[in-house]
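What follows is each chain in one-letter form.
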Amino acid sequence: MKILTKINKGESVVAIVSFLLIGWILGWFKFDELFIQAIKELFSKEITKASYYFVFFCIGALGDIVLFFKGIYFFLS
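We now turn to the structure provided with this report. (Residues numbered from 1 in each chain as written. Predicted model: local features only at pLDDT ≥ 70, side-chain atom pairs only at ≥ 80, totals over all residues. Heavy atoms only, no water.)

### Structural notes on helix H3 (residues 49-70)
Structural remark: α-helix, 3.6 residues per turn; residues separated by three or four positions point the same way. Cut-off, in case you're wondering: Under the DSSP-based scheme used, a helix requires at least four consecutive residues in state H or I and a strand at least two consecutive residues in state E, with every element numbered from the N terminus. To estimate how far a helix should reach, multiply one less than its number of residues by 1.5 Å. Burial classes follow relative accessibility: with a 1.4 Å probe on protein chains only, a residue under 20% of its type's maximum area counts as buried, one over 50% as exposed, and anything between as partly exposed. Should any heavy atoms of two residues lie within 4.5 Å, those residues are counted as being in contact.
In this model, H3 (22 residues) spans 32 Å end to end at C-alpha, consistent with the 32 Å of a helix rising 1.5 Å per residue. Of all the positions in H3, only Tyr52, Phe56, Gly60, Ala61, Asp64 and Leu67 are classed as buried. For H3, the elements touching its buried residues are helix H1 (15-28) and helix H2 (31-43).

### Brief notes about the packing of H1 against H3
Note the following rule: To obtain each axis, a line is fitted to C-alpha atoms, and for helices this fit is confined to the stretch in contact; angles are then taken between N-to-C directions over 0 to 180 degrees. Any angle between 65 and 115 degrees counts as roughly perpendicular, while under 35 counts as roughly parallel, over 145 as roughly antiparallel, and the rest as oblique. Crossing handedness follows the turn of the near helix against the far one: under a right angle anticlockwise gives a left-handed crossing, and clockwise gives a right-handed one. Residue type decides the class: Asp, Glu, Lys and Arg count as charged, Ala, Val, Leu, Ile, Met, Phe, Trp, Tyr, Cys and Pro as nonpolar, and the leftover types, Gly among them, as polar.
For the pair H1 and H3, interaxial distance at closest approach is 7 Å and the crossing angle is 150°. One way to sum up the angle between H1 and H3 is to call them roughly antiparallel. Considering how the two elements wind past one another, H1 and H3 form a crossing that is right-handed. Residues Ala15, Ile16, Phe19, Leu20, Ile22, Gly23, Trp24, Leu26 and Gly27 of H1 lie in contact with H3, whose contacting residues are Tyr52, Tyr53, Phe56, Phe57, Ile59, Gly60, Ala61, Gly63 and Asp64. Looking at the contact of H1 with H3, its residues break down into 13 nonpolar, four polar and one charged.

Shown next, in the form of structure tokens:
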């Protein structure tokens, strides 16, 4: 039976959660409003806070995918 096991001595690398947490903490300092305004000025597009968090989710997902394919994230034993 194959079991999904974490490596690096039990350390869990969860980039999606990490980046969402970073986005939430940056939101305390109004970075979300800065980001939304920057997108509006650069691309003439209106986005919401949901889009702001979606960007952080996507960055985290890409980080998880890269770690998975490098073999750093999980392995089957």
